[in-house]
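# Geometric and topological summary
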Amino acid sequence: MTGSAATSETAPKTPVRERPVIPTRVGESMARPDGVAKVKGEFEYSSDLRVDGMLHGATLRSPHPHASIVSISTGEAEAMAGVYAVLTHRDVPGRKVYGMEVPDQPVLAWEKVRYQGEAVAVVAADHPETARRALEKIRVEYEVLDPLADAEDALKDSAPKLHLSGNVLRKVDVRHGDTDAEAEIVVRGEYEIGMQDQAFLGPESGLAVPDGAGGVDLYISTQWLHVDRDQLAESLDLAPEMVRLEMSGVGGAFGGREDLSMQVHACMLALATERPVRMVYDREESFFGHVHRHPAKMTCEHGATRDGKLVYVRARLLFDGGAYASSSRAVCLNAATFACGPYSVPNAHIESIMMYTNNPPCGAMRGFGAVQVCFAHESQMDRLAAELGLDPLEFRLKNALKAGDTFPFGQKVPEPAPVEELILALRSLPRPPEEPLQNRDIRRLPGGVSNVTHGEGVRRGVGYAVGYKNVGFSAGFDDYSTARIVLQVEDGEAVAEVHTAAAEVGQGLVMLKAQVARHELGVEKVRVLPADTCVGSAGSTSASRQSYVTGGAVKLGCETVRELVLERVREEFDVFEELFLRDGEIVTSGGELVVPLVEVLDAPVEKTVTYRHKPTHPVDRDGQGEAHFQFAFSAHRAVVEVDRELGLVRVVELATTQEVGKIMNPQALEGQVEGGSAQGLGLALMEEIQTKDARIVNASFTDYLLPTILDMPPVKMKFLEHPDPDSPYGLKGVGEPPTISSSPAIVAALRDATGQRLTRMPVKPEQLAGIAERPLEEPPAYGGDGRESVGRPDERGEL
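Every residue gets a number counted from 1 within its own chain, in the order that chain's sequence is written. Where local features are concerned, this predicted model is filtered to residues with pLDDT of at least 70; where side-chain atom pairs are given and counted, the filter is 80 or more; whole-chain, interface and lining totals use all residues. The side-chain values count all of the structure's non-hydrogen atoms but skip hydrogen atoms and water molecules.

## Concerning a nonpolar patch on the surface
A contiguous nonpolar patch, built from Val-449, Ile-709 and Leu-710 and spanning about 390 Å² of accessible area, is present on the exposed surface. Secondary structure is summarised from DSSP: a helix means a run of H or I of at least four residues, a strand means a run of E of at least two, and numbering begins at the N terminus for each. Tracing the backbone shows Ile-709 in the loop between β29 (695-696) and β30 (715-720). Put simply, a patch holds well-exposed residues, over 30% relative accessible area, that have no salt bridge, with like charges counted together within 9 Å and Val, Leu, Ile, Met, Phe, Trp or Tyr side chains within 5 Å. Only the protein chains shown count as cover for residues, with accessible areas throughout obtained via the Shrake-Rupley method and a probe of 1.4 Å. Each reported salt bridge corresponds to a side-chain nitrogen of Lys or Arg within 4 Å of a carboxyl oxygen of Asp or Glu.

Given below as structure tokens:
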């Protein structure tokens, strides 16, 4: 029917009305629903939870990184007034070990402890101080063993076996093309990266409440509700439906909340005492209570032709996974697949090895294996460029991956893959002007307000890096998200309700789900329910995947609900033309009103859907396979100033270009890029968990150094939107790439300023200091275009 909203001749004809244009919700910057409360200090985090009659839990941890447990005596602690429970491994009702990929970590240690800080016993008391004093009364007799503190030592045949399976947790070999290929120009390098902490602001915390029928409700800060629930049910010897989890406010995550920490301990104590139990780690305990970024030692050999084309890459990547597996197996694979960088490499042999040691367990952290190898491959690209006398950006442009190329792991490079465009866009961004050093505000000098330099020995450097990573889970993992959408009328207004189990950890997912629902259903009011295990799994908030997978689930659910509503209207009004749900009204393609939405919602319309991306597949024995479903690319330029006498650094500016598919929320995107770049800056210059004989020596934010607002420079950004044809709205995950390419760009700039090799991150002042008197060779001229070298070759042609 044309020109009318109904087929009946007697039905009134509704004229076309002028309607105000409501901006599209997807693509807008929107105020975050939690923003004001967080700024005002009124937001409730999991550490703020309280309930009448609750007890306080505390954990006894091993002081030794490696020891046999001879005996555990709890009698004195149990006899203390105010103590309600003291539990050890004997009290674990079900499976005594847990783990996301490999169940190898004890709920509470028995026979052996394998890292300093491993949980041995837990206590519940009526006051936190009573619980802490009770821990002092637990007597544990240890037979101290020599710790295995170095991954290279752990690989030796003579090394003690930390697990029955041995010390090698995983080994991945990637063989591509001719692994024995030769090249005219060859550079070799050894690179090392330290152990970085996620350094989230909110320590591990949660509240476990027994339900009186043998089950338990847990209110928790986590990244993956369902995998937590399933591990808890196994160890508590309960059916999964008897263990219910609900997300509480999360003070950051960055991968550090993927594994269990206090979840199982709080639940055990709650069930044992039949009282609610709250557990909150202090900052020092938090350093022992979660995984960290893997330290790595990487040996690389890159070969190229004299005209600047890569011929081969050979690399050995050795990762320290610490005492337990966590997600280390996946990190090992990721590192292997991305070790050559976003470049066309016809021949490659990559050996990636993940080891058990007695160091703290390592697992997921923003970048997930790609951070470590990006530092190595970008350092090698700069060295090759210097050896060839080429501008480092031109050298990268010559070798940039293009759609249709083949990755070294055998997968075809999909559209879009605009590596060349990213590099050109980065080069086009203007650089910050040079400032005179004399009489400059000390806040804009290396060392800042410490007032230790006034410009003596300060030199500026510029560096570049390009990185990439997969989005989502890979290698055949069944990666999906479930969403329940309800459209109903409340107080005369159409309301959409969105329910998923996807964890909001500060990245703005609640806002994004509301944006998608408004966009698809044409309603203003959207209620996003708290994430819990009463709806199907949404997977982990990691791998930059939630916008894609849970955004896709919400979009699919809303589309399905919308179609159910429109079908109801077609049947009721006998309308045969295309209908639209827009601004709370059902309209025709010509904009004619058929009926207000609220008038057809006499009963709620509800649908639960599951969304999956295209499948991935495990790699074969040569590391070949369709392992990943989406790739995100980024590039950074860093401008630094270095006082070469004192080793002090000021990052003047970071500039970055990133390919994002579709900008869903401009302000949130900028925040992700700034935050990721800040973590990259920290890794490049200051952040490292330092260990001695497998013991952490700086478990505090006093001694573990973090960038502050005084360290963070302006970040100049340019985004490319090349929609992914397979993803919702064409979007790509954006959270991890800024961390991947920022660190190596900063180190490259330090090399440019100092002439030092700088093969380890974080770079320490002593690596930069004491070289002011040694003259640097000037960079070669590159056609007078104003571009300059990232690295200046020394007398051996090496950086």
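## Remarks on the side chain of Lys-732
Counting through the fold element by element, Lys-732 comes out in the loop between β30 and α15 (737-754). Polar contacts involving the side chain of Lys-732 include one to the main-chain carbonyl oxygen of Pro-416, which spans 3.4 Å. As used in this structure description, the phrase polar contact means that two N or O atoms lie within 3.5 Å; if the pair is within protein, one of them must be able to donate a hydrogen and the other to accept it, and residues adjacent in sequence are counted only when both atoms belong to side chains. Of the polar contacts made by the side chain of Lys-732, one reaches the side chain of Glu-659; its length is 2.6 Å. Beyond its immediate sequence surroundings of up to four residues, Lys-732 is in contact with Pro-416, Gln-630, Phe-631, Ala-632, Phe-633, Glu-659, Val-660, Gly-661 and Lys-662. We call two residues in contact when some of their heavy atoms are within 4.5 Å.

## Here's the deal with the sheet that holds strand β20 (residues 493-500)
Being paired, for any two strands, means DSSP has found at least two bridges between them. Spatial ordering of the open sheet is given by β21-β20-β19-β25, a layout of four strands whose pairing is mixed. With one partner strand each, in any of the chains shown, β21 (525-528) and β25 (605-612) form the two edges of the open sheet. Each strand axis lies, on average, 20 degrees off the axis of its neighbour in the sheet, ignoring direction. Pairing analysis gives four bridges linking β20 to β21, with the strands arranged parallel. For Val-498, the partnering residue across the bridge sits in β21 and is Val-528. In this description, a line fitted to the C-alpha atoms serves as the axis of each element, helices being fitted only across the stretch in contact, and the angle between N-to-C directions of two axes falls anywhere from 0 to 180 degrees. Where helix α12 (residues 509-521) meets the sheet, its contacts fall on β19 (480-490), β20 and β21, and the angle it forms with β21 comes to roughly 140 degrees.

## Focus: the pattern of salt bridges
All told, the structure shown has 47 salt bridges when counted by the stated rule. In this structure, the salt-bridge partner of Arg-427 is Glu-394, at a minimum N-O distance of 2.5 Å. Highlighted residues: Arg-427 in helix α11 (residues 419-428) and Glu-394 in helix α10 (residues 392-399), separated in sequence by 33 residues. For the exposure calls, accessible area comes from a 1.4 Å probe over protein chains only, and a residue counts as buried if that area is under 20% of its type's maximum, exposed if over 50%, partly exposed in between. Residue Glu-394 is classed as partly exposed on the basis of its relative accessible area, which comes to 29%. Arg-443 is paired through a salt bridge with Asp-441; the nearest N and O atoms lie 2.6 Å apart. Given a relative accessible area of 60%, Arg-443 falls into the exposed group. Ionic contacts of the salt-bridge type, sharing partners, join the residues Glu-434, Arg-440, Arg-460, Glu-641 and Arg-650 into one network.

## Points about the layout of surface pockets
Any space left empty among the atoms is revealed by the rolling of a water-sized probe across them. Considered as a void within the structure, the second largest pocket measures approximately 860 Å³ in volume. The set of elements that each furnish at least two residues to the lining of the second largest pocket consists of β27 (648-659), α14 (666-685) and α16 (765-768). Top element by residues in the lining of the second largest pocket is β27. It accounts for five residues. Tallied by class, residues from the lining of the second largest pocket come to 21 nonpolar, seven polar and seven charged. Space inside and on the surface of the protein is sampled on a 1 Å grid over the protein atoms alone, with a cavity defined as a set of points where a 1.4 Å probe fits but cannot get out and a pocket as an open set with protein on both sides within 12 Å along at least 5 of 7 lines; lining residues have an atom within 4 Å of a point. Grid points are joined across faces, edges and corners, and a volume is the space filled by probe spheres set on the points. Charged residues are taken to be Asp, Glu, Lys and Arg, nonpolar residues to be Ala, Val, Leu, Ile, Met, Phe, Trp, Tyr, Cys and Pro, and polar residues to be all remaining types, Gly included.

## Overview of the environment of Leu-162
Mapped onto the fold, Leu-162 is located in the loop between α4 (151-154) and β9 (168-176). Leu-162 gets classed as buried once you look at its relative accessible area, which sits at 5%. Ignoring any residue separated from it by four or fewer positions in sequence, one finds Leu-162 in contact with His-66, Arg-114, Leu-148, Asn-167, Tyr-356, Thr-357 and Asn-358.

## Some words on empty space enclosed by the protein
This model, assessed by the stated rule, comprises three cavities of 30 Å³ or more. For the largest cavity, the calculated volume is near 250 Å³. Residue composition of the lining of the largest cavity, grouped by class: 12 nonpolar, nine polar and five charged. As for the second largest cavity, its lining consists of Pro-414, Glu-415, Pro-416, Lys-614, Phe-629, Gln-630, Phe-631, Asp-724, Asp-726 and Lys-732. Looking at the lining of the second largest cavity, its residues break down into four nonpolar, one polar and five charged.

## Quick word on helix α6 (residues 263-273)
Counting buried positions over the 11 residues of α6 gives nine, a clear majority of the element. Considered for burial, the residues of α6 that qualify are Gln-263, Val-264, His-265, Ala-266, Cys-267, Met-268, Leu-269, Ala-270 and Thr-273. Count one or two residues on from α6 and you reach Glu-274, which has phi positive near 55 degrees.

## Looking at the sheet that holds strand β22 (residues 579-582)
An order of β22-β23-β24 is seen for the three strands of this open sheet, with the pairing classed as antiparallel. Each edge of the open sheet is held by one strand with a lone partner, namely β22 and β24 (593-596). Going across the sheet, the axis of each strand differs from the next one's by a mean of 25 degrees, ignoring polarity. As defined by bridge partners, strand β23 (residues 585-588) adjoins β24 across three bridges and the pair is classed as antiparallel. What sits directly across from Val-587, in β24, is Leu-593. Lying on the sheet, helix α13 (residues 546-573) is in contact with β22, β23 and β24; it crosses β22 at an angle near 125 degrees.

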